[in-house]
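Here are the chains, one letter per residue:
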Amino acid sequence: ENGKIAEVGTHVEIPADFPKERVLNAAGGYITPGFIDIHRHGDWQAFGNGDDQLLNRQGLTTVVNGNCGLSVAPAGKKFEKEIAGFLSSVTGNSKSRETEMMSTMSSYMSALEKEGRSVNTGMLAGNGTIRAGVKGYASGKLSKEEVHQVWDAVEESLVAGVLGISLGIAYAPEFEYDRDGLVEALQPLKGTDIPVTVHIRNEGDGILLALQEVISVAEELKIPLHVSHLKCIGKKNWGETPVRILQLFDQAATRGVKVDFDLYPYLTGSTQLVHLLPPQFQEGGTEAICARLADQSCRREITKVLKQPSDIFENIVELAGFDMIYASTLHTEKFRSYAGQSIAKIAEQFEQDPYDTLYDILLAERCQVTMLDTIASEEDMLYFLKDSRANLISDAIYPAGGKYHPRVYGAFPKLLTDYVRDKKVFFIEDAIYKMTAKPAGVLGINRGILEKGMPADINIFHLDKLKVHADFEKPDQYCTGFDYVLVGGEIAVKQDEYRNPQSGRIVRGSNK
């Protein structure tokens, strides 16, 4: 009634005049809260019903964008075009005039408010975008004036209704912050219950140091910490390191630091290809990076660094190898036909060194390339996911052109089909909790529970009928098997038919 759950019980009397078409038969199936994905990069997809159907078709009724410090707003005015270009390999491109929405979070949220979505949508403000809006992608510490501009942007975003601040310390320009710089930039959050969601500085050899850094930041500021897409990159970091990570979280909890985390149910990740370069070679933005890549002596320097292990930055080339790194979005005539192939395989066809192939691709594509990288262990993934602090996410990115990762279309049902139904790793109740009430609690979203008075976001399905069709060969395939998906009490999906009820709402933070 009025988009809310009016009654829950073992027996509910249905009035005689109640329309029969409003009675849904769930016999033999499951009734769950609508799934909540608190880590997506669909900032531009939220417009023009860009990803509404693929979300609802996998049971998602609420999503949160703006993750990893890479939100499209608030970008300010001075560097907005450069920021839009940098983000395009993650968020894609706007279908409308970007500058009208990007400058402030309130302008973005106002535009979003006018959209008739079939999914509820929340936002995080990206700390990287905030810094880039003040200083661009230039290196160095912020001046006092620039720090105050960062604070103004954080506070404006909180007033606009973001659910928290996201960090992407592994990415430009945020890797310019040291630990104290992060504390300074996040001062407006001090002593609040507003969370920071963090893509840490290093998920490889330096993961323990990177986690200690952000725990220290959260502890000093007395704010909740949420670690994004937790994983250990590289075989040498599998097995023992995850145990030490959860011990770190336990120790933080004893000191009063609230820490939790999320992860996706895949062993292959996806991010910007330029992220393979050492941080010092990513400084200054696209033009500066391309100038370095065009310099043969600079290429030799980069290669020398990439061939060595590092606990300072996330050296995916050394940890995974070019056989496990795939260029998934390519636009130029020279490279377009190689989309989806590994850097090693592309190099072989060009009869050249894979390091030079990497640099050639980045230079030709102006760094606007997305990669897939197989980097994780299933044993580690399940070890993390079984922890009570774990939330399920997709980390879906929407690069302009090329292939998506299958997690865009199928991450949430994959947990149910692969690890509840087929492999019986989780009880269904535990899996559903990690997809609904748990993530709702992390960001203070008043959803995710089937209870009188709660928003009527509801999934009905038979577990044996659920199917995830998206794979790495054909990732853009809808899930099937949902009997019904309701958003705000309106039917969004009926027997795999999408109805687009436009009953989604903007989810705003209370900023307590």
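The present account deals with the structure reproduced in this document. (Residues numbered from 1 in each chain as written. Predicted model: local features only at pLDDT ≥ 70, side-chain atom pairs only at ≥ 80, totals over all residues. Heavy atoms only, no water.)

**Side note on the pairing of strand S12 (residues 370-374)**
No. 1: The buried count for S12 comes to 4 of 5 residues, which makes it a mostly enclosed element.
No. 2: Note: strand S10 (residues 268-272) against S12, 5 bridges, orientation antiparallel. Residue Thr-271 lies in a different strand from S12, and its bridge partner there is Met-371.
No. 3: Both strand S11 (residues 325-327) and S12 contribute to a ladder of 3 bridges, which runs antiparallel. Bridge pairing links Tyr-326 to Leu-372 in S12. (Buried < 20%, exposed > 50% of the residue type's maximum accessible area, 1.4 Å probe, protein only. Helix = DSSP H or I, 4+ residues; strand = E, 2+ residues; numbered from the N terminus. Pairing = 2+ DSSP bridges.)

**Brief notes about the side chain of Thr-370**
No. 1: For Thr-370, the position within the fold is in strand S12.
No. 2: Residues contacting Thr-370, with those up to four places away along its chain left out, are Ser-89, Ser-270, Thr-271, Gln-272, Leu-273, Tyr-326, Ala-327, Ser-328, Thr-329, Ile-397 and Pro-399. (Contact = heavy atoms within 4.5 Å.)

**Remarks on the environment of Leu-362**
No. 1: With respect to the element layout, Leu-362 can be found in helix H14 (residues 354-364).
No. 2: Separated by 88 residues in sequence, Leu-362 and Val-274 place their C-alpha atoms 6.8 Å apart.
No. 3: Leave out the neighbours within four places in its chain, and Leu-362 touches Leu-273, Val-274, Leu-277, Leu-293 and Cys-367.

**Side note on the pattern of salt bridges**
No. 1: Taken as a whole, this structure holds 26 salt bridges when the rule is applied.
No. 2: The shortest N-O distance in the salt bridge between Asp-250 and Arg-389 comes to 2.9 Å. Here Arg-389 lies in the loop between helix H15 (378-385) and strand S13 (390-392) and Asp-250 lies in helix H9 (residues 240-254), a separation of 139 residues in the sequence.
No. 3: Classification of Asp-250 by relative accessible area gives partly exposed; the value is 40%.
No. 4: One salt bridge in this structure joins Lys-423 and Glu-378, with 3.1 Å as the shortest N-O distance. Residue Lys-423 is located in the loop between helix H16 (407-422) and helix H17 (428-435), and its partner Glu-378 is located in helix H15; the two are separated by 45 residues in the primary sequence. (Salt bridge = Lys/Arg side-chain N within 4 Å of Asp/Glu carboxyl O.)

**Re the packing of aromatic side chains**
Here the distance between the centres and the angle between the planes together describe a pair of aromatic rings.
No. 1: Tallied over the full model, the rule gives 16 aromatic pairs.
No. 2: Geometrically, the ring pair formed by Phe-261 and Phe-384 is edge-to-face, given 6.0 Å between the ring centres and 70 degrees between the ring planes. One end of the pair, Phe-261, is in strand S9 (residues 259-263); the other, Phe-384, is in helix H15, with 123 residues separating them in the sequence.
No. 3: Take Phe-261: its relative accessible area is 0%, and that puts it in the buried class.
No. 4: A residue is classified by how much of its surface remains accessible, and Phe-384, at 1% relative accessible area, is buried.
No. 5: Cluster of aromatic residues (ring-pair linked, three or more members): Tyr-30, Phe-35, Phe-412, Phe-461 and Phe-482.
No. 6: In this structure, Arg-131 packs its charged tip against the face of Tyr-177, placed 4.8 Å from the ring centre. (Phe/Tyr/Trp six-rings, centres within 6.5 Å; stacked < 30°, edge-to-face > 60°. Lys NZ or Arg CZ within 6 Å of the ring centre and 35° of its normal.)

**Brief notes about the pairing of strand S7 (residues 196-199)**
No. 1: Of the two faces of S7, both are covered, the one formed by Val-196 and Val-198 as well as the one formed by Thr-197 and His-199.
No. 2: Looking at chain direction, strand S6 (residues 165-168) and S7 are connected through 4 bridges and run parallel. For Ser-166, the partnering residue across the bridge sits in S7 and is Thr-197.
No. 3: In this view, the connection linking S6 to its parallel neighbour S7 by way of helix H7 (residues 179-185) has right-handed handedness.
No. 4: Relative to strand S8 (residues 225-227), S7 runs parallel, the two sharing 3 bridges. Each residue of the ladder has a partner; that of Val-198, found in S8, is Val-227.
No. 5: For the crossover from S7 across helix H8 (residues 207-221) to S8, the handedness is right-handed. (Right-handed = clockwise from strand over helix to strand, strands pointing away.)

**Thoughts on unusual backbone geometry**
Glycine aside, a negative phi is what most residues show, and trans is what most peptide bonds show.
No. 1: Looking along the chain, the bond that leaves Ala-73 and enters Pro-74 is cis, with omega of 0 degrees.
No. 2: By the secondary structure assignment, Pro-74 is in the loop between strand S3 (60-65) and helix H2 (80-91).
No. 3: The peptide bond linking Ala-172 to Pro-173 adopts the cis configuration, its omega dihedral lying at -5 degrees.
No. 4: By the secondary structure assignment, Pro-173 is in the loop between S6 and H7.
No. 5: You will see that Glu-351, though not glycine, has its phi angle at about 55 degrees, which is positive.
No. 6: Mapped onto the elements, Glu-351 comes out in the loop between helix H13 (343-350) and H14.
No. 7: Classification of Glu-351 by relative accessible area gives exposed; the value is 74%.

**Looking at the environment of Gly-234**
No. 1: Positionally, Gly-234 belongs in the loop between S8 and H9.
No. 2: Take Gly-234: its relative accessible area is 3%, and that puts it in the buried class.
No. 3: In this structure, the C-alpha to C-alpha distance between Gly-234 and Lys-20, residues 214 residues apart in sequence, is 56 Å.
No. 4: In contact with Gly-234, not counting residues within four places along its chain, are Leu-319 and Ile-375.

**Considerations on the sheet that holds strand S4 (residues 120-123)**
No. 1: Strand order in the open sheet formed by 3 strands is S2-S3-S4, with parallel pairing between adjacent strands. The sheet is open, and its two borders are formed by strand S2 (35-37) and S4, each paired with just one other strand. On average, adjacent strands in this sheet sit at an angle of 15 degrees to one another, irrespective of strand direction.
No. 2: Two elements, S3 and S4, share 4 bridges in a ladder whose sense is parallel. Bridging from a neighbouring strand, Val-63 pairs with Thr-121 of S4. (Axes fitted to C-alpha atoms, helices over the stretch in contact; angles between N-to-C directions.)

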